[in-house]
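What follows is the residue order along each chain.
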Amino acid sequence: MGLSRQYLRYVPAALFGLLGSAGGNAAMVALGGERGRGVAVAACEHVFVWDLRKGEKVLILKGLKQEARYLCPSPDGLHLAVGYEDGSILIFNLLSGEANVTFNGHKAAVTAMQYDQLGGRLVSGSKDTDVIVWDVINESGLYRLKGHKDAVTQVLFLKEKNLLVTSGKDTLVKWWDLDTQHCFKTLVGHRTEVWGMALISEEKRLITGTADSELRVWDISYIQEEVKDPEEPESKKSKGSSPVAEKNAEEDETLELDEGPEERLLKCSKVGSIMREGRDRVVTLATDRTGKILACHGTDSVLEVFSILSQEEVQKKLEKKMKKAKKKAKKKSEEEEPEGDVELSLQEEIQRVANIKASAKIKSFDMILSPKGELKVVLLLQNNIIESYLLNLSAQVPQAVRASKISIGGHRSDVRTLAFSSDNIAILSASAESVKIWNRSTLQCIRTMDCEYALCSFFVPGDRQVIVGTKTGKLQLYDLASGSLMETLNAHDGAVWSIALSPDQRGFVTGGADKCAKFWEFELVKDESSVQKRLSMKQVRVLQLDEDVLCVRYSPNQKLLAVSLLDCTVKIFYTDTLKFFLSLYGHKLPVLCMDISYDGALIATGSADRNVKIWGLDFGDCHRSLFAHDDSVMYLQFVAKSHLFFTAGKDGKIKQWDADKFEHIQTLEGHHQEVWCLALSPNGDYVVSASHDKSLRLWERTREPLVLEEEREMQREAEYEESVAKEDQPVVAGETQGETGLAGKKTIETIKAAERIMEAVELYREEMAKLKEHKAICKAAGKEVPYPVNPILRAYGNITPSEYVLEVFKKVRSSELEESLLVLPFSYVPDLLRLFNEYIRLGAEVELLCRALLFLLKIHFGQITSNQMLVTVIENLKKTTISRVSEARDVLGFNMAGLQHLKREIEAKDEVMFFADATDRFEEKKRKRKKKEKMILAVV
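Keep in mind that what you see is a predicted model, and the values were worked out from it rather than measured.

> How should I be thinking about the overall build of the protein in this particular structure?
The secondary structure content of the protein amounts to 14 helices and 57 strands. Along the three orthogonal principal directions, the C-alpha set of the protein runs to about 115 × 105 × 55 Å. The buried share among the 940 residues of the protein stands at 49%. Residue pairs at least 24 apart in sequence account for 49% of intrachain contacts in the protein once pairs closer than 6 positions are excluded. For the protein, the exposed surface amounts to about 47400 Å²; the carbon and sulfur share of it is 52%. Counting 129 positive and 139 negative side-chain charges, the protein places the centres of these two groups 3 Å from one another.

> Would you explain the sheet that holds strand β21 (residues 266-275) in this entry?
Strands belonging to one sheet form pairs held by backbone hydrogen bonds; the direction of such a pair is parallel or antiparallel. The four strands are arranged β18-β19-β20-β21 in an open sheet whose pairing can be described as antiparallel. Strand pairing shows two members of the sheet lacking a second neighbour, β18 (196-200) and β21, which therefore form its edges. Each neighbouring strand pair of the sheet contributes to a mean axis angle of 25°, computed without reference to strand direction. Across nine bridges, the pairing between strand β20 (residues 214-222) and β21 is antiparallel. Within β21, the position partnered with D219 by the bridge is S269.

> Mind showing me how you'd approach a negative patch on the surface here?
A surface patch of like charges, here negative, comprises E160, E202, E312 and E313. Along the chain, the position of E312 falls in helix α3 (residues 311-332). Overall, the relative accessible area of 54% leaves E312 in the exposed class.

> I would appreciate a short explanation of the nonpolar core in the present structure.
Across soluble globular proteins, you tend to see nonpolar side chains buried next to one another. Residues I757, V805, F809, L821, L832, L833 and F836 are the most contacted members of the largest nonpolar core, which totals 38 residues. For this core, the secondary structure elements donating two or more residues are α6 (748-781), α8 (801-811), α9 (817-822), α10 (829-842), α11 (846-859) and α13 (871-910). Those residues in contact with L833 that lie beyond four places of it in its chain are L853, I864, L870, V873, I874 and L877.

> Looking at this model, I keep getting lost on the pairing of strand β37 (residues 484-490). Mind explaining?
Two faces, one strand: in a regular strand the side chains alternate between the faces of the sheet. In this structure, strand β36 (residues 474-479) lies alongside β37, joined through six bridges in antiparallel fashion. Bridging across to β37, L477 finds its partner in E487. The turn joining β36 and β37, which pair antiparallel and follow one another in sequence, is formed by four residues; a positive phi near 70° is taken by G483.

> Would you mind going over the confidence of the model for the protein with me for this structure?
When pLDDT is low, close inspection of the predicted coordinates is not appropriate. For the protein, the average pLDDT comes to 88, and 92% of its residues sit at 70 or higher. Confidence drops under a pLDDT of 50 for residues 226-259, and excluding neighbours within four residues, the segment shows 20 contacts in the predicted structure.

> I tried to follow the side chain of D170 on my own but got confused; where do I start?
Mapped onto the fold, D170 is located in the loop between β15 (163-168) and β16 (173-177). Polar contacts involving the side chain of D170 include one to the side chain of H148, which spans 3.2 Å. In contact with D170, other than residues within four places in its own chain, are H148, K149 and D150.

> Where do I start with unusual backbone geometry in this structure?
Residues apart from glycine generally show negative phi values, whereas peptide bonds are mostly found in trans. A positive phi angle, close to 75°, is found at T129, a residue other than glycine. For T129, the position within the fold is in the loop between β11 (121-126) and β12 (131-135). One non-glycine residue, E845, lies in the positive phi region at around 50°. Along the chain, the position of E845 falls in the loop between α10 and α11.

> Honestly, empty space enclosed by the protein in this entry has me stumped. Any pointers?
Rolled over the atoms, a probe with the dimensions of a water molecule shows which regions are left empty. Applying the stated criterion across every chain yields a total of three cavities of 30 Å³ or more. Taken as a whole, the largest cavity holds about 50 Å³ of empty space. Among the residues making up the lining of the largest cavity, the classes are represented as three nonpolar, six polar and one charged.

> I keep staring at the packing of α11 against α13 and nothing clicks. Help me out?
Angle between the axes and distance between the axes: these two values describe a pair of packed helices. One way to put it is that α11 packs onto α13 with a least axis distance of 11 Å and a crossing angle of 140°. Here α13 runs oblique to α11, going by the angle between their axes. The interaxial crossing formed by α11 with α13 has left-handed handedness. Contact residues: α11 offers V846, C850, L853 and L857, while α13 offers I874, L877, T881, R884 and V885. A class-by-class count of the residues in the contact of α11 with α13 yields seven nonpolar, one polar and one charged.

> Where do I start with helix α5 (residues 708-726) in this structure?
Side chains of residues three or four places apart in an α-helix project in the same direction, reflecting 3.6 residues per turn. For α5, which comprises 19 residues, the first-to-last C-alpha distance of 27 Å matches the rise-based estimate of 27 Å (1.5 Å per residue) to within 8%. Within the sequence span of α5, burial applies to L708, E711 and V724. For α5, the secondary structure elements touched by its buried residues are β1 (7-16), β53 (663-669), β56 (696-706) and α6.

> What should I look at first to understand the pairing of strand β26 (residues 362-369) in this one?
With respect to burial, β26 is a largely interior element, six of its eight residues being buried. Taken together, β26 and the strand that follows it, strand β27 (residues 374-381), pair antiparallel across an intervening segment of four residues, in which G373 is found at a positive phi of about 90°.

> Is there a simple way to explain the packing of aromatic side chains in this structure?
In this description, a pair of aromatic rings is defined by centroid distance and the angle of the planes. In the structure shown here, the tally under the stated rule is 12 aromatic pairs. Judged by centre distance (4.9 Å) and plane angle (90°), the ring pair of Y10 and F646 falls under edge-to-face. Remark: F646 occurs in strand β51 (residues 644-649) and Y10 occurs in strand β1; sequence separation between them is 636 residues. For F646, a relative accessible area of 0% corresponds to the buried category. Ring centres 6.2 Å apart and planes at 10° place the aromatic pair F508 and W520 in the stacked group. Of this pair, F508 sits in strand β39 (residues 507-512) while W520 sits in strand β40 (residues 516-526); the two residues are 12 residues apart in sequence, bridging distant segments of the chain. For F508, a relative accessible area of 1% gives the class buried. Residue classification places W520 among the buried positions, given a relative accessible area of 5%. Among the aromatic side chains, those forming a connected cluster through ring pairs are F458, F508, W520 and F522. A cation over a ring is seen here: R281 above W195, with NZ or CZ 3.7 Å from the ring centre.

Calculation rules
- Residues numbered from 1 in each chain as written.
- Predicted model: local features only at pLDDT ≥ 70, side-chain atom pairs only at ≥ 80, totals over all residues.
- Heavy atoms only, no water.
- Helix = DSSP H or I, 4+ residues; strand = E, 2+ residues; numbered from the N terminus.
- Buried < 20%, exposed > 50% of the residue type's maximum accessible area, 1.4 Å probe, protein only.
- Contact = heavy atoms within 4.5 Å.
- Areas by Shrake-Rupley, 256 points an atom, 1.4 Å probe, with all protein chains shown as cover.
- Lys, Arg positive; Asp, Glu negative; His and termini not counted.
- Charge placed at Lys NZ, Arg CZ, Asp CG, Glu CD.
- Pairing = 2+ DSSP bridges.
- Axes fitted to C-alpha atoms, helices over the stretch in contact; angles between N-to-C directions.
- Patch = residues over 30% accessible without salt bridge, like charges linked within 9 Å, V, L, I, M, F, W, Y side chains within 5 Å.
- Salt bridge = Lys/Arg side-chain N within 4 Å of Asp/Glu carboxyl O.
- Core = buried A, V, L, I, M, F, W, Y, C linked by side-chain atoms within 4.5 Å.
- pLDDT = per-residue confidence, 0-100.
- Polar contact = N/O pair within 3.5 Å; in protein donor to acceptor, adjacent residues only side chain to side chain.
- 1 Å grid on protein atoms, 1.4 Å probe; cavity = no way out; pocket = protein on both sides within 12 Å on 5 of 7 lines; lining within 4 Å.
- Points joined across faces, edges and corners; volume = space filled by probe spheres on them.
- Nonpolar A, V, L, I, M, F, W, Y, C, P; charged D, E, K, R; others polar.
- Parallel < 35°, antiparallel > 145°, perpendicular 65-115°, else oblique.
- Left-handed = near helix turned anticlockwise from the far one by under 90°.
- Expected span 1.5 Å × (residues − 1).
- Phe/Tyr/Trp six-rings, centres within 6.5 Å; stacked < 30°, edge-to-face > 60°.
- Lys NZ or Arg CZ within 6 Å of the ring centre and 35° of its normal.

What follows is the structure, encoded as structure tokens:
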């Protein structure tokens, strides 16, 4: 069968007009070795890294289809973990921009992530209420922790202990012991959702933010330490507390120790609250890396910054207070003993520093404290702006100064109208506050002009001016060379809903909410200020109608004018006499958009009833009604010189249709929210679209032909793959649903990996059988007969069948290994165990094979132990595995010792403390020197 009709595929070319999605968070990253210079923000499915100093985009981390929801930079600053809407996590290398690791485990959007101190583990929380701990180095999931009843809002590793704290919208804060993987404590002191959480004061305190204006502060005391070391001084006791009180405290401690096993690890008690100024819920609550600064913001535009005193500073303050108290006591009465109960209030330990007022609602922030005591804060705002502020903490009254603002590359509000210039090079986009002109090839914004709420627009012939119709009924004429507003006309009494250039290019027609269609002509008028004439427009005719006009379009020969009305009909008039010609009646809701084909034969109308109807313009007969989108059809336009047209819908999709064959050709998926408008370039090579997700997208026509049957087949495959992922997860025999579970989840990739393992084992069986036959034939013939090699093995370089199975195993992603083995039928397991024995004896891939072996033993324990045939195999495995693993351990131990030795050698040679210690000492010296200088100055 030949190609019945050739269509060309449109592919996504670029995403622009978006600085950062409000649904994600901002995270500071290092640029060129300078910390806090770059900021990474989610931008729909991608992640953009901006240079704050230059205001330029320096890196795009490309995602797949799902929106990026949460970003977390690794402690070394070289990687960025990105959690997506569908629950997957990608870890990107910030130097190359490549994603090296993929984790699939969550069933819903990732809401929180954190690395541990060394960056070897990553913990993620999700809307599906699960918390999963991942091994970043081995690229696999460790375990899943279940316990929250609603979305997880924050996850924090403790540096000193192997503990994890998680908070959720179920009002709970849970403490997990990662050695035993269980929840040993739940804080139930909150009445509303816990939206944020931070550890401060060397992890001795926890701060939680909820739906009210209190930040609750909890004291954490590690009980095991106190039991082990009774001589250790209590940090909490004030200096003058009486021995009786101490004794009582000890008694209380022993009482509490016997209370319950979950109190063995730590105690958590509420100390008090710090009041925020915001009245609404906490959106983000976080400390900087040093833990000296705490900041939070609500749903408004104010970021509140607090400073946390260190242990030494608290001690100094206490001493000062003690002195004051003694003086007071002396003054009061000479003979009385001074009172000893001097304590610092919480407000003195956690002091408000300053409020940073942003230019719009804050969605997320990140901050970094420089060694000089300057705080750099970056804010991602609701209206598509990234701002950075500097706060000098050493000043008497710290004031926030705005250091930079990235705003030129996007609109503040949704783009409601788009237009292409006649040379296909410039794109116009207009929103509620500005008109922007973009260069299509570089995607740079070359002009920004303030306007009123724009609804429709076009380039005046010659591409030197643009006209915008606004919500208040005005027409605004802009000159592009100077970027200035030349003229504003009051065109309609209501909104100007639609505007259409006449085919002879001498004028245009506008349709408004005042039930009129008005005809305008361009004219040149003389300005008093200049000698040259300038362009203007004058109204020539008015067509009065019974209903609001929603859309107007000329036919290409300018004989007819189509007008869509609020009464769900489209009326067609003769342009010259304005006589009524046809009424297109059939839509159930108003027609929001329409277009007439290049030859004037067809008119396509798109309506809020989700249908597109194709009509003949000669008799007004409806050729076909197509169910086009899952929500209102917002925009419709024919491709130049063809009967193909594009529609954009509130369902976030853009679709291409054939108006002759009434076929759906292709769907352009990319936008994550409603698509408001689109524009086709005059040559039909480009489509640009604008959406409620604040992004503009450019789509490009390729030379690749598109076959409808293949498209449908691919669509069906995608639907099947989606349904596979939604099926129930496989169950392990004898396992009960507890607090912990496997980290991975069943996806199409894990099923494919299992199938590849099965195929490899089958090939191994066939080849072994063939080899046996071949040996028998050789024996019978008494000479060597040529052996036919399997083409797959030949492709791998004439390897043996067992080596091929190992190759397949090595190719399974580390994060998908367990899930693949879980769906593998037991009939393949005996062969695998025999092969594993052979590989491990040879010392190949010991770590990977031991992991697979132990997992298979765990899930098929009953069947393996009851199978007599496997007894010898298991015995052999036991011997070889133990010896090989201990060998590997020895090698590692030897290497570690070698590295330690080298470190000592280098240290001795340079007489410099290696790695981190040297810088710490340098900072300490600097501090002391400054202090000395200050004292000298004070004395002077």
